Amino acid sequence: MWRFLVILTLISIIFCIGFWIQISNYRVRAHRREFESVEPFNNFKFFNEIGQVEDENENSCYPYMVHSIEADILGLISPMIFSCNSPMGNWANFSDGILTISERIFEKRKAEQNQNFTCVYAEIVPKTELPNGTILAEASKLETPIEPGIPTKIESEQFVVFCRDPFGNHFYNKTFFNFLPRSETLTNLSSSDESLMILSISGMSHNQAMRHLKRSLKFAADNEFQSFSMFNQRSQDNLENSLKTFGGSEKVWNIAKNNGCPTFLNTDSPKFSKMYGYQFDYHSNLYSSFNKQYLGQVDNCISDGSVTVEDAITLWTNFSLTFHPNLCHFSLLHFTEVAGPGDGKIVNIDEVLNNSLEILQSFGVLHNTTVVILSDGGTGNSTIFETETGKLESRYGVFLIRLSDSYRKRFPENAEILKKNVDRLITNQDVAETLKHIIYDQNQENVTFENSLLSRENSKSRSCDIAGIEDEFCICSKLAQIGIDKRPEILRNLLKIVKHEFSGQKCILNIEIDSENLKFRIYRSITFFKFFGFLTTATVKLEKGFSKPIRLKFGGKARFLSLEPDDLELREPLKFIESNHSLEMDRVSDNCYRNIMAAFQKF
């Protein structure tokens, strides 16, 4: 009897496992059908299976992309739409430098039989600066009352409106940014009215945009945006990628400013703000800091009911509307927190971005303004990048660009070259050169940009080596399956090479390679990988007794021909990895420690 029960139990377990697999496959297929049905760009692509996209040229750099809906990320990609618990009414309107308070306050006074429902505005002023670069802000003690229905010209650049009940409790708080007061002092030295708007979303990958920016991408596809499907990030450091994209030492915004175009930066990054805010004519540091400090955030909301990203994108849009069409202008909205830690947070950008693009189009801004939407890859703090699919996604940045109507009319050849590059391997440096090229062309500067996507048609066979992209971050590489029988030989050869590197250090007792978590990747018949190891120092006689052995961690990169692990070689010098033990030098002889450090410096 018990044998029968055991067999019956095993059959049930097998049936359940099979049923679960079928359900999982159905869920993946269903999600894929949903996303594929709204794919906005033919060239903004993802692929149905993990694999390479073949090309007729055997030397081509084949993108190794994954579908935006893979089984291992299903539980991490649900949209996370933010809403506020108690949104406030719209009690203040600010347009063209004029502030007006709603006449509904008369109804409040009448209903409560109390005239002491009041509204005031006050300038936002700096308070102090924190070590991380955040400039704390506060409302000026000088408050100006404003009566309902009376248009009032505002001279402050960044200000806040408070509406209070008779007991002093606030029933409305809202910040505003006023571009007009200083606009009259900004002289347009440019010979053109062409402008550039950039939205940068740090930590967002190509596939994350596919999952969560459907409406915006649909607008982009319908309105002549070009989408680049092979934007390969140069580094795992988001800030490093961004700075390369914005031009390296010669920042694109400085070029625009030098050409007489008003410039504006809005960012949620204190670090980015501190580094570059002073280089812009307008900078929303005080405005944004005041929102976070005093208006509070609930699920990324400020207390008047608007989502923080909505407020930021609206400000980005209003800047262009302020100066269009009289002055050329440059604006950068740089988000660093929106794309993490939850993958689905990005969806909060979609509706407001789509609406802003529609507003820009309806007001004619797109006629003489180039709009760029980009990211620095998916190497942020989103949990999705801990999955295998996420790790592949992380190398793909987003680069969307719509050349202004007037630019395409003036430079039709450049526009055609740009279209031809959408399916070619590009890097942050290529994007930087392109942005600079646009600004110089707009101002009729006689400057040549050989690496610009507007002047050079990249080859289909362009490799990551030529583009300056490291092997392990190359979108053309893929995971290599190294058999268990091959790994010991690889580790032996690697250890032999490392020992040879330290052969002159007599105080090293032992060297070992960490064999855990080795991941091999292959590209163009070369297999490469990162590794870590440890040096253990020998016991040495000191003036007062003997030293204690210590372990020092190091790292390196190696490669070999895919089928010949005995051809193993280091790809770059070994690097010492800083330890948390600050007193290690006291536990070993000075000469030994210093010799080891000198060896690393020699590498």
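Residues numbered from 1 in each chain as written. Predicted model: local features only at pLDDT ≥ 70, side-chain atom pairs only at ≥ 80, totals over all residues. Heavy atoms only, no water.

J.: Run through the overall build of the protein chain, naming residues and quoting values.
T.: From N to C terminus, the protein chain includes 18 helices and 26 strands. Looking at the protein chain residue by residue over its 603 residues, the buried ones come to 52%. Within the protein chain, contacts between residues at least 6 apart in sequence are counted, and of these 73% link residues at least 24 apart. As displayed, the protein chain offers around 29,000 Å² of accessible surface, 51% of which is attributable to carbon and sulfur atoms. (Helix = DSSP H or I, 4+ residues; strand = E, 2+ residues; numbered from the N terminus. Buried < 20%, exposed > 50% of the residue type's maximum accessible area, 1.4 Å probe, protein only. Contact = heavy atoms within 4.5 Å. Areas by Shrake-Rupley, 256 points an atom, 1.4 Å probe, with all protein chains shown as cover.)

J.: Break down the confidence of the model for the protein chain for me, with residues and values.
T.: Per-residue pLDDT for the protein chain averages 81, and the proportion of residues at 70 or more is 80%. Confidence scores differ between elements of the protein chain, with strand 1 (residues 51-52) showing the lowest mean pLDDT of 42 and strand 17 (residues 399-402) the highest of 97. Confidence drops under a pLDDT of 50 for residues 580-586, and excluding neighbours within four residues, the segment shows eight contacts in the predicted structure. (pLDDT = per-residue confidence, 0-100.)

J.: Quick one: what's the story with the sheet that holds strand 8 (residues 152-153), residue by residue and with numbers?
T.: Taking strand neighbours across the sheet as the criterion, the three strands line up as 3-4-8 in an open arrangement whose pairing is antiparallel. Each edge of the open sheet is held by one strand with a lone partner, namely strand 3 (92-95) and strand 8. Of the pairings in the sheet, the one linking strand 3 to strand 4 (residues 98-101) comprises four bridges and is antiparallel in character. Note that in strand 4 the partner of Phe94 across the bridge is Leu99. (Pairing = 2+ DSSP bridges.)

J.: Could you give me a rundown of the nonpolar core, with the residues and numbers involved?
T.: Within the largest apolar cluster, 35 residues are counted, with the highest numbers of intra-cluster contacts made by Leu199, Met204, Ile313, Trp316, Phe335, Ile349 and Leu353. Elements that contribute at least two residues to this core include exactly strand 11 (195-201), helix 4 (206-212), helix 5 (214-222), helix 10 (308-323), strand 15 (330-335), helix 11 (347-362) and strand 16 (369-375). Here the element with the most residues in this core is helix 11; it accounts for five residues. Residues contacting Ile313, with those up to four places away along its chain left out, are Leu333, Phe335, Ile349, Val352, Leu353 and Ser356. Grouped together as the second largest cluster of nonpolar side chains are 34 residues, Phe246, Phe272, Phe449 and Leu453 included. (Core = buried A, V, L, I, M, F, W, Y, C linked by side-chain atoms within 4.5 Å.)

J.: Talk me through the pattern of salt bridges; I want residue IDs and the actual numbers.
T.: Under the defined criterion, the tally for this structure stands at 26 salt bridges. Here Glu224 and Arg402 are joined by a salt bridge, their closest N and O atoms 3.7 Å apart. Separated by 178 residues along the polypeptide, Glu224 in the loop between helix 5 and strand 12 (226-227) and Arg402 in strand 17 bring together distant segments of the chain. Here Glu224 falls in the partly exposed class, since its relative accessible area comes to 46%. Between Arg402 and Asp405 there is a salt bridge whose closest N-O contact spans 2.7 Å. (Salt bridge = Lys/Arg side-chain N within 4 Å of Asp/Glu carboxyl O.)

J.: Tell me what's going on with the packing of aromatic side chains, and back it up with residues and numbers.
T.: Scanning all chains against the criterion turns up 34 aromatic pairs. Here the aromatic rings of Phe94 and Phe159 are separated by 5.1 Å at their centres, their planes lie at 75°, and the arrangement is edge-to-face. Of this pair, Phe94 sits in strand 3 while Phe159 sits in strand 9 (residues 158-164), and the two are 65 residues apart along the sequence. Of the two residues, Phe94 and Phe159, neither departs from the other in class, the shared state being buried. When the ring of Tyr440 is compared with that of Phe449, the centres are 5.4 Å apart and the planes differ by 35°; the resulting orientation is tilted. (Phe/Tyr/Trp six-rings, centres within 6.5 Å; stacked < 30°, edge-to-face > 60°.)

J.: Describe in detail the side chain of Lys251, supporting the description with residues and values.
T.: Turning to its location among the elements, Lys251 is positioned in the loop between helix 6 (238-245) and helix 7 (252-258). In this structure Lys251 is buried but unpaired, with Glu250 as the nearest side chain of opposite charge at 9.7 Å. Setting aside its immediate chain neighbours within four residues, Lys251 contacts Leu243, Phe246, Tyr276 and Gln279. (Lys, Arg positive; Asp, Glu negative; His and termini not counted.)

J.: Could you give an account of the sheet that holds strand 17, with specific residues and numbers?
T.: Here seven strands make up an open sheet; going across it, the order is 12-17-16-11-15-13-14 and the pairing mixed. In the strand order of this sheet, the two ends are held by strand 12 and strand 14 (282-283), each with one partner.

J.: Go over the state of the cysteines, please, and point to the residues and values.
T.: Considering all chains together, one arrives at three disulfides under this definition. With its sulfur 2.0 Å from that of its partner, Cys119 forms a disulfide with Cys163. Negative torsions about the S-S bond denote left-handed disulfides, and the value of about 110° found for Cys119 with Cys163 makes this one right-handed. With Cys119 in strand 5 (residues 118-129) and Cys163 in strand 9, the pair connects residues that are 44 residues apart, well separated along the chain. Judged by its relative accessible area of 3%, Cys119 is buried. There is a disulfide in this structure between Cys261 and Cys328, and the S-S distance comes to 2.0 Å. Across the disulfide from Cys261 to Cys328, rotation about the S-S bond amounts to roughly -100°, and the bridge is consequently left-handed. Here Cys261 is found in the loop between helix 7 and strand 13 (263-267), whereas its partner Cys328 is found in the loop between helix 10 and strand 15, with 67 residues between them in sequence. In this structure Cys261 comes out as buried when scored by relative accessible area, which is 5%. (Disulfide = S-S within 2.5 Å.)

J.: Tell me about unusual backbone geometry, and please be specific about residues and values.
T.: Residue Pro325 is bonded to the preceding His324 through a cis peptide linkage, with omega at 0°. Within the secondary structure, Pro325 sits in the loop between helix 10 and strand 15. A positive phi is found at Asp96, a non-glycine position, where the angle reads about 55°. Structurally, Asp96 can be placed in the loop between strand 3 and strand 4. A relative accessible area of 68% means that Asp96 is categorised as exposed. The backbone of Glu224 sits at a positive phi, close to 70°, despite the residue not being glycine.

J.: Could you give an account of helix 11, with specific residues and numbers?
T.: The end-to-end C-alpha distance of helix 11, which contains 16 residues, comes to 24 Å, matching closely the 22 Å that a straight helix rising 1.5 Å per residue would cover. Every buried residue of helix 11 is listed here: Val347, Asn348, Ile349, Asp350, Val352, Leu353, Asn354, Ser356, Leu357 and Leu360. Where helix 11 is buried, its residues touch strand 11, helix 4, helix 5, helix 10 and strand 16. Taken from the residues just after helix 11, Gly364 is the one with a positive phi, measuring 80°. (Expected span 1.5 Å × (residues − 1).)

J.: Account for helix 9 (residues 285-295), naming residues and giving values.
T.: When you tally the buried positions in helix 9, you get eight out of eleven residues, the bulk of the element. Among the residues of helix 9, Asn285, Leu286, Tyr287, Ser288, Ser289, Phe290, Asn291 and Leu295 are the ones counted as buried.

J.: An account of the environment of Ala339 is needed here, citing residue identities and associated values.
T.: On the secondary structure map, Ala339 appears in the loop between strand 15 and helix 11. Using a relative accessible area of 3% as the deciding quantity, one classes Ala339 as buried.

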